[in-house]
Amino acid sequence: MSLTQLRPAAHHRAEPPKTPSKAKQWLYRFDIKTVPYALIAPFFILFGVFGLFPIIFNGVVALRNWRLDDPTLTGWAGFGNFTKLLSDEDFWNALGNTFGIFILSTVPQLIAALIIANLLNRKLRATTWWRIGVLLPYLTPVVASTLVFAVFFSRDYGLANWFLSLVGFGQDDPLDWRAAKWSSWIAIATMVNWKWIGYNALLYLSAMQTIPKDVYEAAAVDGAGPWRQLWRITVPMIQPVVVFTVILSTIGGLQLFNEPMMFDENPQSASGGSDHQFQTIAQLIYKVGWKDLNLGYAAAMSWALFLIILIVAGVNALLTKRIGGDR
Amino acid sequence: MSTHRFALRAPQDTPGTWKTYTGLVLIMLLSAFPVYWMFVIATSTDEAVTKMPPSIIPGNQLMVNLNEVFTLQDVYFTASLINSFITATTITLATLFFCSLAGFAFAKLRFRGRNALMVVVILTLTVPNQLGVVALYIVMGKLQWNGTLLAVIAPGLVSAFGVFYMRQFIAHAVPDELVESARIDGALTLRVYWNIVLPAIRPALAVLGLLTFVMAWNDFQWPLITLNGTEFPTSMVALSDLASGNYVIYRRVLAGAFVATVPLIILLLIGGRQLVRGIMEGAVKS
């Protein structure tokens, strides 16, 4: 039909009028029209099957009875799984734990990252090595590092209690970090902070280096010292990246799984402590799905968590914008 | 006042003072301490671990502890390291290949629906796919892949972030004229990809490869769900096995943890520069 249009007439006019063979023409046409789709197809097929479809299908599973131990019990459950959620004490407990740990880990994490980025944002010797150094926690497997922290926070032989005893706390009755909500949350938040501070510091540092230098020169005339420089100039100028890191930590923090799992005395139980004092939602989903074998209910929980993440990420983004934008 | 001396310069032109360096050294110590402590316990005896105050220098029991870890029944530690290498390497190579192909198409080829499809890629970036694990488990069940490495590898073969990152990089690193002139010479799309695009994007491949390998190696939740209790755990699943049970032997657990961390420390030493650059570039673009 339109084969003649595709022939690159302009470029070939100088050459002897040798019409490309039918096969060649077909090949070029195929290359222009079809190959681009073939290049993006692997991504869309694989992502569709193993990424997108499960998330949508999760919605179907959430509305059904779906148990691993009783395959005969099927059929629609309607919103049964969701209404069960509302009165499920384990869920509300896990929600509280998740938020508690989230706040204890996000706020210090981002402030420390700012301060470290500010330290790195100097003319330094061996610039790159400092930056590589702060990335070590980011690379270390959480499963491995949490096991070290579990020893660090252990009741009888832990370094944390040893430090406390040096300043006069708990010499006779050492603190059992896993036992109470507040202490287990602090221990877990410490692990999260350790892992992510350096990574966020690098994000802030890269934003800091795009700030025009004359902004600082103007401020220096007004007599702003380094500390005021950081809070009055640098932070407002890198606000978009701050919002970005707040959203990232919200998405990651509310799905926290590895740290509370491995901090448990018996990780495979997924109970989050003897009284679920540090069981997070992601952990509860795992327990409901693969210990209680109730996949339908676990799917409903996943959707609830998804909604919560959306709302909290939106609110946090707005809050961060307000805080940075009032100057 | 000392503050005034530097205030006329932007921070990045201000030389670090002794305070800056003291702060940085402190941060390095905090950063490295847990990994160092892992090594100390991995090399110690039970007595050294339970001593108060704890000994902060490594012992000489590393080989003894490692031997125990590797010969433990039901943990499959040796196999788990091999499994982790297989999964992480396959995932990394596939991600680099598929994402650079798609990134090239989005950056340099013209086809109907290009912009709309790119929007789809960007939207999928924001979806936390951890939330689909329940349904993913059912899908893998239908395929009868649960409990095999295939179940871990398949969802990792592509990533929306990889496509996005490659598209951004190729758009800048490969000049349109170069692609045009190769086409006029009669080169087909795949030849352009192979001869022009691939050589130009080596730095981006290094960055994406490192990030992908680290993520695949450290992945825990999904491998735990699909591989737990089988004879084919990844090293993270094997570690959680090692740490479970009524009586946990710290020196043994941390010897295992240290072994599973060493490959990443080596990666950091070899590719740290690229990783730092990749993370910092990613921040500016997003």
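Quick caveat, the model's predicted, so the values are computed rather than measured.

The rules behind each value
Residues numbered from 1 in each chain as written. Chains lettered and ligands numbered in written order. Predicted model: local features only at pLDDT ≥ 70, side-chain atom pairs only at ≥ 80, totals over all residues. Heavy atoms only, no water. Helix = DSSP H or I, 4+ residues; strand = E, 2+ residues; numbered from the N terminus. Rg over C-alpha atoms; globule rule 2.2 N^0.38 Å. Buried < 20%, exposed > 50% of the residue type's maximum accessible area, 1.4 Å probe, protein only. Contact = heavy atoms within 4.5 Å. Areas by Shrake-Rupley, 256 points an atom, 1.4 Å probe, with all protein chains shown as cover. Lys, Arg positive; Asp, Glu negative; His and termini not counted. Charge placed at Lys NZ, Arg CZ, Asp CG, Glu CD. UniProt positions renumbered as here; feature names shortened; annotations may be inferred. Domains from an automatic or database assignment. Buried area = accessible area lost by both parts, 1.4 Å probe. Salt bridge = Lys/Arg side-chain N within 4 Å of Asp/Glu carboxyl O. Polar contact = N/O pair within 3.5 Å; in protein donor to acceptor, adjacent residues only side chain to side chain. Nonpolar A, V, L, I, M, F, W, Y, C, P; charged D, E, K, R; others polar. Patch = residues over 30% accessible without salt bridge, like charges linked within 9 Å, V, L, I, M, F, W, Y side chains within 5 Å. Core = buried A, V, L, I, M, F, W, Y, C linked by side-chain atoms within 4.5 Å. Phe/Tyr/Trp six-rings, centres within 6.5 Å; stacked < 30°, edge-to-face > 60°. pLDDT = per-residue confidence, 0-100. Axes fitted to C-alpha atoms, helices over the stretch in contact; angles between N-to-C directions. Parallel < 35°, antiparallel > 145°, perpendicular 65-115°, else oblique.

*Asks:* Now, about the overall build of chain B: what can you tell me, with residues and values included?
*Replies:* Along its length, chain B carries 15 helices and zero strands. Over its C-alpha trace chain B gives a radius of gyration of 24 Å, far above what one expects of a compact globule, namely 19 Å for 286 residues. Its C-alpha atoms give chain B principal-axis dimensions of about 75 × 70 × 35 Å. Here chain B holds 286 residues, and the buried ones make up 53% of them. Across chain B, the fraction of contacts at a sequence separation of at least 24, relative to all contacts at a separation of at least 6, is 71%. As presented, chain B carries roughly 13,100 Å² of accessible surface, and 65% of it is formed by carbon and sulfur atoms. Computed over 18 positive and 13 negative side-chain charges, the separation of the two mean positions in chain B equals 11 Å.

*Asks:* Go over the UniProt feature "transmembrane region" (unreviewed entry) in chain B, please, and point to the residues and values.
*Replies:* Taking the UniProt record as the reference, the feature "transmembrane region" (unreviewed entry) is found at residues 21–42, 75–104, 116–139, 145–165, 192–217 and 249–270 of chain B. Taken end to end, residues 249–270 of chain B is 95% helix and 0% strand, and its first and last C-alpha atoms sit 33 Å apart.

*Asks:* Describe the domain arrangement of chain A, naming the residues involved and giving the relevant values.
*Replies:* Residue and element names in this part refer to chain A. The domain boundaries assigned to chain A delineate domain 1 (3–62) and domain 2 (80–325). Using only C-alpha atoms to locate each centre, domain 1 and domain 2 end up separated by 44 Å. Contact with domain 1, which involves five residues of that partner, is made by eight residues of domain 2. Between domain 1 and domain 2, a total of about 450 Å² is buried, with carbon and sulfur atoms accounting for 63% of that surface. Taken as a group, Asn58, Val61 and Ala62 account for 79% of the area that domain 1 buries against domain 2, more than any other trio of residues on that side. The interface formed by domain 1 and domain 2 contains zero salt bridges.

*Asks:* Tell me what's going on with the UniProt feature "transmembrane region" (unreviewed entry) in chain A, and back it up with residues and numbers.
*Replies:* Here, UniProt's "transmembrane region" (unreviewed entry) annotation points to residues 34–57, 99–120, 132–153, 182–205, 237–257 and 295–319 of chain A. When the span residues 132–153 of chain A is considered, its composition is 86% helix and 0% strand, and the gap between its end C-alpha atoms is 27 Å.

*Asks:* Before we move on, could you go through the interface of chain B and chain A and cite the residues and values that matter?
*Replies:* The interface of chain B with chain A comprises 111 residues on the first partner and 103 residues on the second. Our count for the contact surface shared by chain B and chain A stands at two salt bridges. The salt bridge partner of Arg183(B) is Asp31(A), with a shortest N-O separation of 3.3 Å. Linking chain B with chain A are 18 residue pairs in polar contact (both at pLDDT 80 or more). In terms of residues, the side of chain B that touches chain A owes the most to one element, helix 15 (residues 250–285) of chain B, which gives 17 residues.

*Asks:* Before we move on, could you go through the pattern of salt bridges and cite the residues and values that matter?
*Replies:* For the structure on display, the rule yields 11 salt bridges over all chains. Close ionic contact of Arg67(A) with Asp69(A) constitutes a salt bridge, the shortest N to O distance being 3.0 Å. Asp69(A) sits in the partly exposed class, given a relative accessible area of 45%. Close ionic contact of Asp292(A) with Lys287(A) constitutes a salt bridge, the shortest N to O distance being 3.3 Å. Taken together, the shared-partner salt bridges in this structure form one network comprising Asp46(B), Glu68(B), Arg251(B) and Arg252(B).

*Asks:* Describe in detail the domain arrangement of chain B, supporting the description with residues and values.
*Replies:* Residues and elements named next belong to chain B. If you check the domain split of chain B, you get domain 1 (2–68) and domain 2 (75–285). On the domain 2 side, the residues contacting the 12 residues of domain 1 number 11 residues. Of the roughly 1,100 Å² buried between domain 1 and domain 2 on both sides combined, carbon and sulfur atoms contribute 72%. Among the residues domain 1 hides against domain 2, the three largest losses belong to Met38, Asp46 and Glu68. Together they make up 41% of the total. Here domain 1 and domain 2 share three salt bridges between them. The salt bridge partner of Arg251 is Glu68, with a shortest N-O separation of 3.2 Å. Inspection of the domain 1/domain 2 interface yields three residue pairs in polar contact (both at pLDDT 80 or more). Per-element tally for the side of domain 1 that touches domain 2: the top contributor is helix 2 (residues 18–42), with five residues. Of the residues that constitute the side of domain 1 that touches domain 2, the class distribution is seven nonpolar, three polar and two charged.

*Asks:* Give me a nonpolar patch on the surface: which residues, what numbers.
*Replies:* Residue and element names in this part refer to chain A. Judged by side-chain polarity, Ile103, Val107, Ile111, Ile115 and Trp227 come together as a nonpolar surface patch covering roughly 480 Å² of accessible area. Here the nonpolar patch takes four residues from helix 6 (residues 89–120), the largest share from any one element. With respect to the helices and strands, Ile115 occurs in helix 6. Given the relative accessible area of 35%, Ile115 is considered partly exposed.

*Asks:* Quick one: what's the story with the nonpolar core, residue by residue and with numbers?
*Replies:* Within the largest apolar cluster, 194 residues are counted, with the highest numbers of intra-cluster contacts made by Phe153(A), Leu202(A), Tyr204(A) and Leu239(B). Element by element, the count of residues in this core is highest for helix 10 (residues 181–208) of chain A, at 15 residues. Once you skip the residues sitting within four places of it in the chain, Leu239(B) turns out to touch Val143(A), Ala144(A), Leu147(A), Met262(A), Phe77(B), Val253(B), Gly256(B), Ala257(B) and Ala260(B).

*Asks:* Give a description of the packing of aromatic side chains that names residues and reports values.
*Replies:* Across all of its chains, the model carries 36 aromatic pairs over all chains by this definition. Ring plane angle 65° and centroid distance 5.6 Å describe the contact between Tyr138(A) and Trp196(A), whose orientation is recorded as edge-to-face. In this pair, Tyr138(A) is assigned in helix 7 (residues 127–139) and Trp196(A) in helix 10, connecting sequence segments 58 residues apart. Note on Trp290(A) and Tyr137(B): the rings are 5.3 Å apart at their centroids and 80° apart in plane angle, and the pair reads as edge-to-face. Of the two residues, Trp290(A) is situated in helix 15 (residues 281–290) and Tyr137(B) in helix 7 (residues 133–143); the pairing between them involves two chains.

*Asks:* Talk me through the confidence of the model for chain A; I want residue IDs and the actual numbers.
*Replies:* Looking at chain A, the pLDDT average stands at 87 and 92% of residues meet or exceed 70. Counting contacts from residues 1–7 of chain A, a segment whose pLDDT is below 50, to residues more than four positions away or on other chains yields seven contacts.

*Asks:* Before we move on, can you summarise unusual backbone geometry with the specific residues and values?
*Replies:* Non-glycine residue Leu293(A) carries a positive phi angle of around 65°. Mapping Leu293(A) onto the fold places it in the loop between helix 15 and helix 16 (295–325). When its relative accessible area of 26% is taken as the criterion, Leu293(A) is described as partly exposed. A positive phi angle is found at Gln144(B), which is not glycine, with a value near 60°. Residue placement: Gln144(B) occurs in the loop between helix 7 and helix 8 (149–153).

*Asks:* Would you mind going over the packing of helix 3 (residues 22–33) of chain A against helix 4 (residues 35–62) of chain A in detail, with residue names and values included?
*Replies:* Residue and element names in this part refer to chain A. Between helix 3 and helix 4, whose axes approach to 4 Å, the crossing angle comes to 45°. As summarised for this structure, helix 3 and helix 4 are arranged oblique, according to the angle between their axes. Of the residues in helix 4, those in contact with Phe30, Asp31, Ile32 and Lys33 of helix 3 are Val35, Pro36 and Tyr37.

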